[in-house]
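Next come the chains, spelled out residue by residue.
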Amino acid sequence: MVAACLTGWGHSQFGKLDNVDAEVLLADIAQAALDDAGLDPEQIDAIFVGTFNGGFLYQDFPSSLVFNNIPGLRFKPSTRVENACATGSAAVYAGLQAIEAGRAKHVLVIGFEKMTELATPQVGEVLLKCSYAREEAGIPGGFAGVFGQIATQYFERYGDQSDALARIAAKNHRNGAVNPYAHMRRDFGYDFCRNVSEKNPFVAGPLKRTDCSMVSDGAAALVLSARDVAGGLKKAVGFRAAVQVNDYLPLSRRDPLAFEGGQHAWRQALGVAGVKLRDLSLVETHDCFTIAELIEYEAMGLAKPGQGAALVAEGATEKSGLLPVNASGGLKAKGHPVGATGVSMHVMAAMQLTNTAGEMQIPNARLAGVFNMGGAAVANYVSILEAL
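Everything numeric here is computed off the predicted structure, so don't read it as measured data.

J.: Quick question: what am I supposed to make of helix H13 (residues 338-353) here?
T.: Every α-helical turn comprises 3.6 residues, leaving residues that sit three or four positions apart pointing alike. An ideal rise of 1.5 Å per residue puts 22 Å on 16 residues; H13 measures up with 24 Å between its terminal C-alpha atoms. A maximum bend of about 25° is found in H13 at serine 344. Burial of H13 is extensive: 16 of the 16 residues sit out of reach of the surface. Positive phi shows up at asparagine 355, right after H13, with a value of about 55°.

This is the structure:
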């Protein structure tokens, strides 16, 4: 049992936010989280800000930016956290550790990213810094190229999975259509996602545009509170487990289709939580590309290696299925502003557990799993959350 709870949260619209300054964006969402928790800025003991940046914005060193618009936070310890596409979860876990160490009762966690100020090719170059540069920096197509190679290898080992990938894309876009925060609120349907067209061309290997998460801006924030004070607040979502597992960075040193770091993280988290996968009401998982979600079914133990497609075909991961996956639309439809993603995933799960998810709501949700990864299953975070 983790000694901290989620007690408040805020979430921006994800998308191309041309007229929103990053400094204002993170402050607005931070204030929303504070208001949701019913806390004043002065009651926060520590702040953790998650952003990858890597060249998306000229402004770096963002830890104190929030003070400009929320002066009540001035003189609080504030730290920037980064761990590739798992940056948001890294910031959440840093907050948990501050509470567990007894250094804080209330922690503010902010995840944000402004990606769209760069052209798409430049975005790809920035994201490719999350690969092992010595061996992988030359892969065409940026990170889409990395996962295009993974998809090609998966097809070679287990057969053509184009139907399964299209079903995953269609599912997530259908779910995202009812998520008010999603970048893409449109149900494209299976046929559009399955077939190559002018609007859905191949991007890398067998991956089409509908197989790839979008370049997005956005922010999410949450308040973490120690369990001994959380009872006095309006709501609380507890952590049954919070596990981080890192693996080798080079793809050449591991089986890129196994996501072994993710396997270890899921096994450890379920063990710490004392639950089985089938006990979960839902999972928010890191579908940066549809092939990633397919492999993650196998890494979490929902299917054996190479058999994830059967789950998709029978609808097991639909909102009405055995284990709903990405009821929010996932990164695929919601968007993937890198530093915000892990925080957003925890917020989406907490909304489900407090029955405040609106049209996204899974009935009677009691336990939720969150899987956020940096790189191709290099930094792996699994949280098991429960309603309190």
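J.: Explain the domain arrangement of the chain to me, please; I cannot follow it from the model alone.
T.: Often the size quoted for an interface is simply the accessible area lost on bringing the parts together. For the chain, the assigned domains are domain 1 (4-115 + 216-229) and domain 2 (238-383). Taking the mean C-alpha position of each, domain 1 and domain 2 sit 22 Å from one another. Around 2400 Å² of area is buried between domain 1 and domain 2 when both sides are counted, 71% of it from carbon and sulfur atoms. On the domain 1 side of the contact with domain 2, Trp9, Cys85 and Tyr93 bury the most area, a combined 28% of that side's loss. Scanning the region where domain 1 abuts domain 2 turns up zero salt bridges. Here domain 1 and domain 2 share nine residue pairs in polar contact (both at pLDDT 80 or more) between them. Elements supplying a minimum of two residues to the side of domain 1 that touches domain 2: strand S1 (4-11), helix H2 (87-100), strand S4 (106-114) and strand S7 (217-226).

J.: Can you help me understand helix H6 (residues 162-176) in this one?
T.: The first and last C-alpha atoms of H6 sit 21 Å apart over 15 residues, in line with the 21 Å expected at 1.5 Å per residue. Burial runs high along H6: twelve of the 15 residues are buried.

J.: It is not clear to me how the pairing of strand S2 (residues 46-50) should be interpreted in this structure. Could you clarify?
T.: Along any regular strand the residues' side chains alternate between the sheet's two faces. For S2, the buried fraction is high: five of the five residues fall into the buried class. The side-chain alternation of S2 yields two buried faces, one formed by Ala46, Phe48 and Gly50 and the other by Ile47 and Val49. In the sheet, S2 pairs with S4 via five bridges, with the strands oriented parallel. The residue bridging phenylalanine 48 from the neighbouring strand is valine 109, located in S4. For S2 and strand S3 (residues 78-81), the ladder comprises four bridges, and the chain directions are parallel. Paired with isoleucine 47 across the two strands is serine 78, which belongs to S3.

J.: Any chance you could explain the sheet that holds S7 here in plain terms?
T.: Picture the strands of a sheet paired through backbone hydrogen bonds; they go either parallel or antiparallel. Strand order in this open sheet of nine strands is S3-S2-S4-S7-S1-S8-S11-S10-S9, and the pairing throughout is mixed. Each end of this open sheet is capped by a strand with a single partner; those strands are S3 and strand S9 (282-285). Between one strand axis and the next, the sheet turns through 25° on average, direction left out of account. Note that S1 and strand S8 (residues 237-246) share two bridges and pair antiparallel. If you follow leucine 6 over to S8, its bridge partner there is valine 237. Sheet strands in contact with helix H9 (residues 260-273) are S8, S9, strand S10 (367-374) and strand S11 (379-387), and its direction is about 150° off that of S8.

J.: How should I be thinking about the pairing of S7 in this particular structure?
T.: Counting buried positions over the ten residues of S7 gives ten, a clear majority of the element. Of the two faces of S7, both are covered, the one formed by Asp217, Ala219, Ala221, Val223 and Ser225 as well as the one formed by Gly218, Ala220, Leu222, Leu224 and Ala226. Of the strand pairs in this sheet, S1 and S7 are connected by seven bridges, and their pairing is antiparallel. Bridging across to S7, histidine 11 finds its partner in alanine 220. Bridge count between S4 and S7: nine bridges; the pairing is antiparallel. When the bridges of S7 are listed, valine 107 appears paired with leucine 224.

Calculation criteria
Residues numbered from 1 in each chain as written. Predicted model: local features only at pLDDT ≥ 70, side-chain atom pairs only at ≥ 80, totals over all residues. Heavy atoms only, no water. Helix = DSSP H or I, 4+ residues; strand = E, 2+ residues; numbered from the N terminus. Expected span 1.5 Å × (residues − 1). Bend = angle between axes of the 7 residues up to and from the residue. Buried < 20%, exposed > 50% of the residue type's maximum accessible area, 1.4 Å probe, protein only. Domains from an automatic or database assignment. Buried area = accessible area lost by both parts, 1.4 Å probe. Salt bridge = Lys/Arg side-chain N within 4 Å of Asp/Glu carboxyl O. Polar contact = N/O pair within 3.5 Å; in protein donor to acceptor, adjacent residues only side chain to side chain. Pairing = 2+ DSSP bridges. Axes fitted to C-alpha atoms, helices over the stretch in contact; angles between N-to-C directions. Contact = heavy atoms within 4.5 Å.

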